[in-house]
Amino acid sequence: MERFENEYGTLTSLALFFGPLTTVPALLYLAIEATIFRMDNAIMGASIWVFLLLGMEAIRTYRSNPHLIIGTHHIPTWTTPLLLAFVVAALVPSSSLLGHLCGLGVGYIAGLGYVKYIAPPEWALRWLESKLKLITILPHYVSVDQKTYGRFGVLPSTNRVGGSPAIELVGTSAMALRRDPRMLKLPPYLSLACIVVGFAWLLVLPLDNYSRRTYISENALLPGQVHTYFGGSEQNIFRAYRREVDALENKNNHEINDQIEVFLKEVGVKVGRQNYTYHYGGNECSGENIYGILQAPRGDATEAIVLVAAWKTVKEEINRNGVTLALTLARYFKRWSLWSKDIIIVIPPDSKAGTQAWVDAYHDAHNARYVAPLPLKSGALQGALALDYAVDHRFEALHIIYDGTNGQLPNLDLINSMVNIAGGQMGVHTAIQGIENHSNSYKDRLHTILRGMVRQSLGLATGPHSSFIPYHVDAITLQPYGEGWHDEMALGRIVEGTFRSLNNLLEHLHQSFFFYLLMHRDHFVSIGTYLPSAMLLAANFSIMAIFLWVKSGQAPQTNPQASGTPKAPVLKTGITQAASTTVERDLFLPISVVTTCQALSVIPLFVFNNISASVCSPSNAFSGLSS
């Protein structure tokens with residue numbers, strides 16, 4: 001558009017684009033649409049002007065550079081906007097391919113030099129300019145010798161316009177500023193400023209002025225508002241189950257599941273079993289999951305809550321108290337008639353592969369060759385709770401593990417409900433991100449945020465709950481630690497209170513945050529507060545990429561005195577006008593390098609998926625960065 005206005009003048013451009021260059025493509029479109037296709041489609045937009053100008057530029061480029069050479073193929077340059085029209089039609093919904101082709105056709109005709117036949121006469125434009133006194137009203141441009149005025153107030157240009165000398169802007173203007181060589185010195189400093197401000201923004205997040213206290217968004221949860229009855233005689237049942245579980249320590253997976261099936265059926269729970277086999281790192285991971293569904297007396301099997309107690313914990317220890325507590329809670333829950341959602345007790349042989357196989361099969365997203373389907377199912381999963389309880393003594397506090405795979409997080413209401421029930425109702429201290437002695441100071445807050453960011457960036461599964469989160473099922477893992485005075489009955493009451501809160505839900509958890517950074521169990525940073533830091537850090541890459549792209553299209557600087565070339569003209573503002581010398585970028589080599597690197601990426605992908613897991617053991621050190 002700028003070149004068109006430089007060549008034909010501002011008034012001529014206005015007359016053409018609000019006249020023939022608009023009406024001719026429109027009439028051509030209507031004629032084809034009504035007479036040939038016999039359709040009635042309403043279109044609106046200015047993209048027809050874009051393709052009209054592209055068509056004119058393509059014809060001019062074709063005259064100077066007829067072919068675009070790609071390898072051994074010669075592609076006519078006038079076809080490039082035609083190909084672009086089809087690409088836009090394929091990628092942009094509701095775009096008018098016929099309208100773009102009509103504008104492109106008129107642009108081809110105008111590019112052949114027929115614009116002058118439809119342009120208004122010059123005497124009329126000069127008369128209009130004199131009557132409206134455009135020279136005094138609009139910013140005017142004069143040539144270097146200060147004698148020749150720009151034609152009809154055209155934009156500044158270094159090209160010749162109608163045989164007149166090169167026109168330059170008097171005073172500061174956007175064009176002069178854009179061509180000022182000092183502008184290319186700003187991007188590196190601007191990029192550095194984005195990095196500094198981005199990190200500074202991150203460092204102020206732990207302050208009280210930038211964080212918020214946690215709160216319950218979903219009022220239906222009512223955490224800690226009910227009296228829990230788990231305890232008393234249930235402790236004797238727990239001890240009896242514990243002796244039975246200890247006797248299964250040296251049994252294999254199928255023998256363990258046979259005995260657990262007996263326990264669940266004695267309670268009156270429907271039991272299902274599932275086999276799975278995974279191949280990874282040259283190893284084979286196979287096993288059998290067992291689970292039971294406790295049907296809700298007040299429900300219709302459309303919703304369910306899951307309690308997971310894997311036989312092996314995250315640290316590959318036998319989850320004695322976790323499995324025992326799950327069996328005891330199954331017997332306890334069966335006696336109550338207040339449940340409106342089914343309760344599913346899942347006992348996989350390990351914390352990750354078994355849980356993943358069960359969740360995949362529950363949502364029919366499993367590979368039938370390696371993972372068997374589930375014989376029994378319930379309704380949509382509303383939440384999940386995993387027990388990682390391997391300690392044999394009384395515990396001091398409860399560690400809440402909430403990080404999911406690929407940086408996904410559960411709804412914040414679930415974590416807040418657990419903290420409220422454990423701390424406010426049961427008096428059990430809770431911790432996050434493995435920081436046991438959190439003083440709520442700036443140092444501990446920053447440490448917690450950084451640990452959470454590292455775990456999210458690694459995207460590793462941190463417990464049985466991680467398999468549920470990709471399916472939009474909010475889940476956490478409870479891990480007792482330390483030596484204190486809380487016993488398994490306290491943890492059982494916490495699970496009971498959490499399940500009774502989830503039982504109150506009328507819809508899926510959605511009101512609270514899914515993107516957050518926890519700095520303390522009672523304080524968090526929402527996405528609206530920490531996102532500017534990430535955006536600033538990302539913006540510096542874009543700034544430097546644009547800067548390097550512009551620099552790659554410039555000719556190397558030479559010394560005017562040494563080469564004998566004349567100095568660049570100096571404007572009245574003292575800004576030196578840089579010569580608009582550009583070089584053609586050779587894109588074949590960089591595109592080939594990038595394409596080759598992308599293609600070769602399948603090699604490490606294949607290698608890391610087929611070599612032995614023992615060779616990749618050093619990579620497990622990354623998972624210990626937040627330990």
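Presented here is an overview of the structure given in this document. Note that this is a predicted model, so its numbers are computed, not measured. (Residues numbered from 1 in each chain as written. Predicted model: local features only at pLDDT ≥ 70, side-chain atom pairs only at ≥ 80, totals over all residues. Heavy atoms only, no water.)

**Focus on the overall build of the protein chain**
Next, step 1: Tallying secondary structure elements over the protein chain gives 21 helices and 15 strands in all.
Next, step 2: When the 627 residues of the protein chain are sorted by exposure, 42% land in the buried category.
Next, step 3: Relative to all contacts within the protein chain whose residues are 6 or more apart in sequence, the contacts with residues 24 or more apart total 77%.
Next, step 4: Summed over its atoms, the accessible surface of the protein chain is roughly 33,400 Å², and 61% of this surface lies on carbon and sulfur atoms. (Helix = DSSP H or I, 4+ residues; strand = E, 2+ residues; numbered from the N terminus. Buried < 20%, exposed > 50% of the residue type's maximum accessible area, 1.4 Å probe, protein only. Contact = heavy atoms within 4.5 Å. Areas by Shrake-Rupley, 256 points an atom, 1.4 Å probe, with all protein chains shown as cover.)

**Examining the pairing of strand β11 (residues 395–401)**
Next, step 1: Burial runs high along β11: six of the seven residues are buried.
Next, step 2: Two elements, β11 and strand β13 (residues 475–486), share six bridges in a ladder whose sense is antiparallel. Looking at the pairing, Phe395 lines up with His486 of β13. (Pairing = 2+ DSSP bridges.)

**Remarks on the sheet that holds strand β5 (residues 212–213)**
Next, step 1: Here we have three strands laid out as an open sheet, ordered β5-β15-β14, and antiparallel in their pairing. Looking at strand neighbours, the two that pair on one side only are β5 and β14 (516–520), the edges of this open sheet.
Next, step 2: Both β14 and strand β15 (residues 523–526) contribute to a ladder of four bridges, which runs antiparallel. Across the sheet, His520 pairs through a bridge with His523, a residue of β15.
Next, step 3: Docked against the sheet, helix α16 (residues 442–458) engages β14 and β15, running at close to 145 degrees with respect to β14. (Axes fitted to C-alpha atoms, helices over the stretch in contact; angles between N-to-C directions.)

**Some words on helix α14 (residues 353–362)**
Next, step 1: Here α14 lies mainly inside the structure; nine of its ten residues are buried.
Next, step 2: Contact partners of the buried residues in α14: β6 (270–280), β7 (283–294), β8 (303–308), β9 (342–347) and β10 (380–387).
Next, step 3: One or two residues past the end of α14 sits Asp364, with phi positive at roughly 55 degrees.

**Some points on the environment of His279**
Next, step 1: For His279, the location among the structural elements is in strand β6.
Next, step 2: For His279, a relative accessible area of 52% corresponds to the exposed category.
Next, step 3: As for His279 and Tyr370, which are separated by 91 residues in sequence, their C-alpha atoms are 9.0 Å apart.
Next, step 4: Sequence-distant contacts of His279, that is, excluding residues within four places in its chain, are made with Glu284 and Tyr370.

**Description of the side chain of Arg242**
Next, step 1: Tracing the chain through its elements places Arg242 in helix α11 (residues 234–247).
Next, step 2: Polar side-chain contacts of Arg242 include one of 2.6 Å to the side chain of Asn321.
Next, step 3: Beyond its immediate chain neighbours, meaning those up to four positions away, Arg242 contacts Arg320, Asn321, Thr324 and Asp392. (Polar contact = N/O pair within 3.5 Å; in protein donor to acceptor, adjacent residues only side chain to side chain.)

**Side note on a nonpolar patch on the surface**
Next, step 1: On the surface, Val50, Leu54, Leu84, Val87, Leu91 and Val92 cluster together to form a nonpolar patch covering roughly 490 Å² of accessible area.
Next, step 2: Within the residue set of the nonpolar patch, elements represented by two or more residues are α4 (47–64) and α5 (80–91).
Next, step 3: Broken down by element, the residue count for the nonpolar patch peaks at three residues, all from α5.
Next, step 4: Take Val87: it is sitting in helix α5. (Patch = residues over 30% accessible without salt bridge, like charges linked within 9 Å, V, L, I, M, F, W, Y side chains within 5 Å. Salt bridge = Lys/Arg side-chain N within 4 Å of Asp/Glu carboxyl O.)

**Points about the pairing of β7**
Side-chain positions along a regular strand alternate between the two faces of the sheet.
Next, step 1: Among the twelve residues that make up β7, nine are buried, leaving the element largely enclosed by the rest of the structure.
Next, step 2: Judged from the eleven bridges that link them, β6 and β7 form a sheet pairing that is antiparallel. Bridged to Gln274 within β7 is Asn289.
Next, step 3: As paired elements, β7 and β9 share five bridges and run antiparallel to each other. Each residue of the ladder has a partner; that of Gly292, found in β9, is Ile345.

**Some remarks on the packing of aromatic side chains**
Next, step 1: By the definition in use, this model includes 17 aromatic pairs.
Next, step 2: When the centroid spacing of 5.2 Å and the interplanar angle of 80 degrees are considered together, the rings of Phe230 and Tyr332 count as edge-to-face. Pair noted here: Phe230 is in the loop between β5 and α11 and Tyr332 is in helix α13 (residues 320–334), with a separation of 102 residues, a long-range link. Per residue, the accessibility class of Phe230 equals that of Tyr332, and both read buried.
Next, step 3: Measuring from centroid to centroid gives 5.5 Å for Tyr241 and Phe263, while their planes differ by 65 degrees, and the two rings are edge-to-face. One end of the pair, Tyr241, is in helix α11; the other, Phe263, is in helix α12 (residues 253–267), with 22 residues separating them in the sequence. The pair Tyr241 / Phe263 is uniform in exposure class, with both members buried.
Next, step 4: Three or more aromatic residues joined by ring pairs make a cluster, and in this case those are Tyr229, Phe230, Tyr332, Phe333, Trp336, Trp339 and Phe499. (Phe/Tyr/Trp six-rings, centres within 6.5 Å; stacked < 30°, edge-to-face > 60°.)

**A short note on the nonpolar core**
Next, step 1: If you look at the biggest cluster of nonpolar residues, it comprises 64 residues, and the most contacted ones within it are Leu307, Leu327, Ile476, Leu478, Phe499 and Tyr516.
Next, step 2: Here the element with the most residues in this core is α13; it accounts for eight residues. (Core = buried A, V, L, I, M, F, W, Y, C linked by side-chain atoms within 4.5 Å.)

**A word on the pattern of salt bridges**
Next, step 1: Enumeration according to the criterion identifies 15 salt bridges in this entry.
Next, step 2: Arg242 is the salt-bridge partner of Asp246, the closest N and O atoms lying 3.1 Å from each other. Here Arg242 and Asp246 lie together in helix α11, a separation of four residues that amounts to about one turn.
Next, step 3: Here Arg242 falls in the buried class, since its relative accessible area comes to 18%.
Next, step 4: Its salt-bridge partner being Lys377, residue Asp364 comes within 2.7 Å of it at the nearest N-O pair. Of this pair, Asp364 sits in the loop between α14 and β10 while Lys377 is found in the loop between α14 and β10, placing the two residues 13 residues apart along the sequence.

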